[in-house]
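Each chain, letter by letter, is given below.
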Amino acid sequence: MRDGIFLYGHYVSVQIKSMMQYKKSFMLAVMGQFLTSFNTFLGMFFMFQRFSAVGGFTYSQVVLCFGIFLMAFTLAECVARGFDTFSSIVRKGEFDRVMVRPRGLVLQVLGSRFELSRIGRMLQAVVMFIYGMRTSGICWDMPRVMTVVFMVAGGAVLFFGIFLAGAALCFFTLESLEIVNIFTYGAREFGTYPVGVYGKHILRFCTFVVPYGLVQYYPLLFLLGKREEVWRMFAPLLAAVFVVPCYGLWRVGVRRYQSAGS
Amino acid sequence: MIMMNDICKSYHVAKRNAGFKEACRALFCREYETIKALDRVSFTIADGEMVGYIGPNGAGKSSTIKILSGILTPDGGACLVNGRTPWKERVDHVRDIGVVFGQRTQLWWDVPVIDSYDLLKDIYSISKETYKHNLEELTELLDLKELLKTPARQLSLGQRMRCEIGASLLHGPKLLFLDEPTIGLDAVSKLAVREFILRQNEEHGTTVILTTHDMQDIEALTRRIILIGKGRVLMDGSLEDIRRGGGNIDQTVARLYRDYDI
């Protein structure tokens, strides 16, 4: 385990060295990343110019929600970029190379891409989080701080699971599937607002199918003091279980790759 | 020691006629054709042997290499490499082998070659002393001293191939697969690569399996030749067996291909 983490660190350092070869491209990517999610923020901002609350959430509360969700997503994307772009890894035959090295496949794919340029978006997420934190009138005690940590970590694991499942599907299609983007990039957009505001059916989907609600809506209510049940604090940890079936799908995909070739 | 016994492998390949209409039709009902890539392939290779594995394009050479290196699972038959079944004990198996795909790189594109080597040291968990010793030896024999500081993308094809071969020997594998190692190289680089492979075999007793279309590679390197066509082993003999036809080796091999109707 320790050896694996050390090796991952080495992979990342090689990635960063590579990125430094293309300084201008890197700066532009950071800026682009910042601007795209700034767009979403603007949409939200203008919305609240007209309405004082959406589904019972004030402007600061939504900013807080978006900030946390975006942090989780960005963290996952930064690390799991190899799975996000997995179809190119398979097509270029890079996966054959991964198979002839004596290490875990997931670790090697994780190490094959690391997107430091997502730091632009991360910065924005942090700024929004700090703004929301200071203006939404939460009294910050230990359970609340823990809740935020769980939300970010649980959300990151959830998105990691989706990226992993999407990559597993590439073994069957060889193409990356546009539909997977609904659950990653699409979710990033619609997760701007607490998913409860979209109605009962969507919330049910976000609880039992792809558990966005568990890392966002339910603990958020606890965070904002709207509800007091303690289980809400730990709901994000439950969402992490989502990664188990995703890993199962990945294993099935690998076995198919071994029997079908590319 | 490599033992292959009655290995079979077939692929499903989608077939359709040319034209847009046909493409649309194929979207709904696709016709598959089963292609036998390998049909009861058997051979045994002893430790320290150098074997040329030849055959026309599409004969099943890559499939064999993929099975031997643990990437592909065959449909039937048994295969043991140093007492292990490659696709069942992938991690332990690949620790002992080195693979060079002539058409693909295993070096990290944007960083100096030595950074790639350092990362490989951690991937294969090579001890510090062994790494230092192997690196020094490879640097001297492959004349890598100046190349190690250059990013892989700035190397010429011949220089890169020397670095690739170095990279796959850092962990001191007992078995080396070379898939068209001299493809596209100029005369000087070809000779350098050949000479190095010969020395590696003599001094370390490394078993080498070489696939190539360059008959001069075969002439220079191997004493034993396995000819494969349409997924079957057609001939397993020495260079002299092939030469018996007399004349130029390329012509002889072309005549063999015609004789076997492959």
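Bear in mind that the values here come from a model prediction, so they are computed numbers and not experimental data.

**Some remarks on the interface of chain B and chain A**
- Contact residues are listed per partner, giving 30 residues for chain B and 29 residues for chain A.
- Between chain B and chain A, the buried area comes to about 2700 Å², and carbon and sulfur atoms account for 52% of it.
- The three residues of chain B that bury the most area against chain A are B:I71, B:R90 and B:I123, which together make up 23% of that side's buried surface.
- Applying the counting criterion to the chain B and chain A interface returns 3 salt bridges.
- We note a salt bridge from B:K66 to A:D96, for which the minimum N-O separation is 3.5 Å.
- In this structure, the connection of chain B to chain A is made through 17 residue pairs in polar contact (both at pLDDT 80 or more).
- The element that contributes the greatest number of residues to the side of chain B that touches chain A is helix α4 (residues 113–123) of chain B, accounting for 6 residues.
- Among the residues making up the side of chain B that touches chain A, the classes are represented as 15 nonpolar, 5 polar and 10 charged.

**Re the side chain of A:Q33**
Residues and elements named next belong to chain A.
- Topologically, Q33 is positioned in helix α2 (residues 23–50).
- On the accessibility criterion, Q33 (13% relative accessible area) is buried.
- One polar contact links Q33 to R121, side chain to side chain, over a distance of 2.8 Å.
- Dropping the residues within four chain positions of it, Q33 is found in contact with S117, R118 and R121.

**Here we look at the pairing of strand β6 (residues 175–179) of chain B**
Residue and element names in this part refer to chain B.
- Within β6, 5 of the 5 residues are buried, which leaves it mostly tucked inside the rest of the structure.
- Side-chain alternation along β6 places L175, F177 and D179 on one buried face and L176 and L178 on a second face that is also buried.
- Note: strand β5 (residues 97–101) against β6, 5 bridges, orientation parallel. Pairing of F101 across the sheet is with D179, part of β6.
- For β6 and strand β7 (residues 207–211), the ladder comprises 5 bridges, and the chain directions are parallel. Bridging from a neighbouring strand, L178 pairs with L210 of β7.
- Handedness of the crossover is the feature at issue here: the chain leaves β6, passes through helix α7 (residues 187–204), returns alongside β7, and the resulting connection is right-handed.

**Side note on the sheet that holds β6(B)**
Residue and element names in this part refer to chain B.
- Spatially, β5-β6-β7-β3-β8-β9 is the arrangement adopted by the 6 strands of the open sheet, whose pairing is mixed. Each end of this open sheet is capped by a strand with a single partner; those strands are β5 and β9 (232–238). Averaged over all pairs of adjacent strands, the angle between strand axes in this sheet comes to 15°, irrespective of strand direction.
- In the packing of helix α2 (residues 61–68) onto the sheet, the strands contacted are β3 (50–54), β6, β7 and β8 (224–229), and the crossing angle to β7 comes to about 150°.

**A look at the pairing of β3(B)**
All names here are of chain B.
- The element β3 is largely enclosed, with a buried count of 5 among its 5 residues.
- Taking every second residue as pointing to the same face, both faces of β3 are buried, with M50, G52 and I54 on one and V51 and Y53 on the other.
- As paired strands, β3 and β7 are joined by 4 bridges and run parallel to one another. Among the inter-strand pairings, V51 is bridged to a residue of β7, identified as I209.

**As for the sheet that holds strand β4 (residues 76–81) of chain B**
Residues and elements named next belong to chain B.
- A sheet is described by the order of its strands in space; here 3 strands give the open sequence β2-β1-β4, paired in antiparallel fashion. Sheet topology places β2 (31–45) and β4 at the edges, where each strand pairs with a single neighbour. Strand-to-strand, the axes of this sheet are offset by a mean angle of 30°, without reference to chain direction.
- Where strand β1 (residues 2–15) and β4 come together, 5 bridges link them in antiparallel fashion. Note on β4: the bridge partner recorded for C8 is G76.
- The strands touched by α2 within the sheet are β1, β2 and β4, with β1 carrying the most contacts at an inclination of about 120°.

Calculation criteria
- Residues numbered from 1 in each chain as written.
- Chains lettered and ligands numbered in written order.
- Predicted model: local features only at pLDDT ≥ 70, side-chain atom pairs only at ≥ 80, totals over all residues.
- Heavy atoms only, no water.
- Contact = heavy atoms within 4.5 Å.
- Buried area = accessible area lost by both parts, 1.4 Å probe.
- Salt bridge = Lys/Arg side-chain N within 4 Å of Asp/Glu carboxyl O.
- Polar contact = N/O pair within 3.5 Å; in protein donor to acceptor, adjacent residues only side chain to side chain.
- Helix = DSSP H or I, 4+ residues; strand = E, 2+ residues; numbered from the N terminus.
- Nonpolar A, V, L, I, M, F, W, Y, C, P; charged D, E, K, R; others polar.
- Buried < 20%, exposed > 50% of the residue type's maximum accessible area, 1.4 Å probe, protein only.
- Pairing = 2+ DSSP bridges.
- Right-handed = clockwise from strand over helix to strand, strands pointing away.
- Axes fitted to C-alpha atoms, helices over the stretch in contact; angles between N-to-C directions.

On their own, these measurements won't tell you what the molecule is for.
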